[in-house]
Amino acid sequence: MDNTIDWGSLGFQYMKTDYNVRCYYRDGQWGELEVSSSEQINIHMASTCLHYGQEAFEGLKAFRGKDGKIRVFRPDENALRLQHTSDGIMLAKLPTEKFLEAVKKVIKLNERFVPPYESGCSLYIRPLLIGVSPKIGVGASQEYLFIVFVQPVGPYFKDGFKATPVVILRGYDRAAPLGTGTFKVGGNYAASLVPGAKGHAMGYSAVLYLDAKEKKYVDECGPANFFGIKGNKYITPKSTSILPSITNKSLQQLAKDFGMEVEQRQIPEEELATFEEAGECGTAAVVSPISKIDDIDLKRTYEYSKDGKPGPVCTKLYNTLRAIQYGDMPDTHNWVMIVD
Ligand code: PLP
Ligand code: COI
């Protein structure tokens, strides 16, 4: 383990680690995994990833348990989602076995960066898939580069597990109903930069997007899915423009395990007034409770926590998810891959 890192002050930032793993797709097939210690990539200036957005990424985490074992949370789901994204923007599809092999390899090579159990930190794994053939006409690449790099991270929102305010900015959409919203492509995040910066400047931790067509239903946040709690129900949006979150899928299962009812359906904005709790969820965000939602343009506010204290259901979901990820609770759904 690296003794020079101050785990307590780790945020969610890039940090250089020892190695990354790469794999090229050429002549219609994937090559062998290659290990690199360089942080640079050398690609053609006319690469399709640079001009036509032929770029996809993923995000997942590894955790060191009390028993010293390293656990990766649902990496097979990230492999499948990358394949879904690849279908969406015509990238070469990486087989699940290759994805898992790369993830295991990069973790082992950087084992000293997997934070200690006590720190509450984790190793964030960032797979990236880009088209690297030169093209000036719009079209898909023939060659692709898949890279996986890692870095130790602390909480995504700097206050940690505390309820924070989010904002609806009706002047912006993240993704179109039949567009790229369900794919994890860089362009969706580019679209969220201006509203995200505006939201942050106004003191909000994130922007909550409404459906782009009718501006009637709740979609998701910039970097995370949305859920609300009403009585014994876990309610989360069904939409053709949101990322299928692996954390959300897991929380839905946990909510069912707790004996709650799960509803995945359209959520009209007005329904926000009926929730007792609301939260964001994602790999980086984990479970981030929402204190209030301001719909600035319509001058409406939906409030869930006055003092920043997370509600009981958000707290139980957060604690249970983390306990499974760190190996403190049995992995009854077979979500964890142990790296040994
Ligand atoms: N929605 C968006 C837009 C995201 O970027 C993420 C993060 O990956 C999520 C939702 C959450 O997905 P997951 O739980 O698979 O990390
Ligand atoms: C993640 O949670 O892994 C994400 O990709 C969200 C954000 C950092 C882009």
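Keep in mind it's a predicted model, so treat the numbers as computed, not measured.

The rules behind the values
Residues numbered from 1 in each chain as written. Chains lettered and ligands numbered in written order. Predicted model: local features only at pLDDT ≥ 70, side-chain atom pairs only at ≥ 80, totals over all residues. Heavy atoms only, no water. Pairing = 2+ DSSP bridges. Helix = DSSP H or I, 4+ residues; strand = E, 2+ residues; numbered from the N terminus. Right-handed = clockwise from strand over helix to strand, strands pointing away. Near = heavy atom within 4 Å. Polar contact = N/O pair within 3.5 Å; in protein donor to acceptor, adjacent residues only side chain to side chain. Areas by Shrake-Rupley, 256 points an atom, 1.4 Å probe, with all protein chains shown as cover. Nonpolar A, V, L, I, M, F, W, Y, C, P; charged D, E, K, R; others polar. Buried < 20%, exposed > 50% of the residue type's maximum accessible area, 1.4 Å probe, protein only. Expected span 1.5 Å × (residues − 1).

(A) Region of the structure containing the pairing of strand β14 (residues 261–265). Where strand β13 (residues 233–237) and β14 come together, five bridges link them in parallel fashion. Looking at the pairing, K233 lines up with E261 of β14. Read from β13 through helix α6 (residues 246–257) to β14, the crossover connection turns out right-handed.

(B) Region of interest: the site of ligand 1. Every one of the 16 residues lining ligand 1 counts as a neighbour, but Y189, E220, S245, T247 and T283 are closest to it. Here an oxygen atom of ligand 1 sits 2.9 Å away from a polar atom, N or O, in the side chain of K184. Separating an oxygen atom of ligand 1 from a backbone N or O atom of I246 is a distance of 2.8 Å. The fraction of the free accessible surface of ligand 1 (380 Å²) that becomes covered by protein chains is 96%. Counting only elements with at least two residues in the shell around ligand 1, the list comes to α6 and β15 (277–282). Its residues assigned to classes, the shell around ligand 1 comprises six nonpolar, six polar and four charged.

(C) View of the pairing of strand β6 (residues 70–73). The two faces of β6 match: I70 and V72 on one face and R71 and F73 on the other face are all buried. One ladder, built from three bridges, connects strand β5 (residues 60–64) with β6; its direction is antiparallel. Among the inter-strand pairings, A62 is bridged to a residue of β6, identified as V72. Hairpin connection of β5 to β6: five residues between the antiparallel strands, including G68 at a positive phi of 85°. In this sheet, strand β18 (residues 336–339) lies alongside β6 in antiparallel orientation, the contact comprising four bridges. Within β18, the position partnered with V72 by the bridge is M337.

(D) Representation of α6. Its 12 residues give α6 an end-to-end C-alpha distance of 17 Å, which sits within 8% of 16 Å, the value for a rise of 1.5 Å per residue. Residues of α6 that are buried include every one of I246, T247, N248, S250, L251, Q252, L254 and A255, and no others. Capping the start of α6 is the job of one residue whose side-chain oxygen sits 3.2 Å from the backbone nitrogen of T247: S245.

Worth remembering: the numbers are spatial, not functional.
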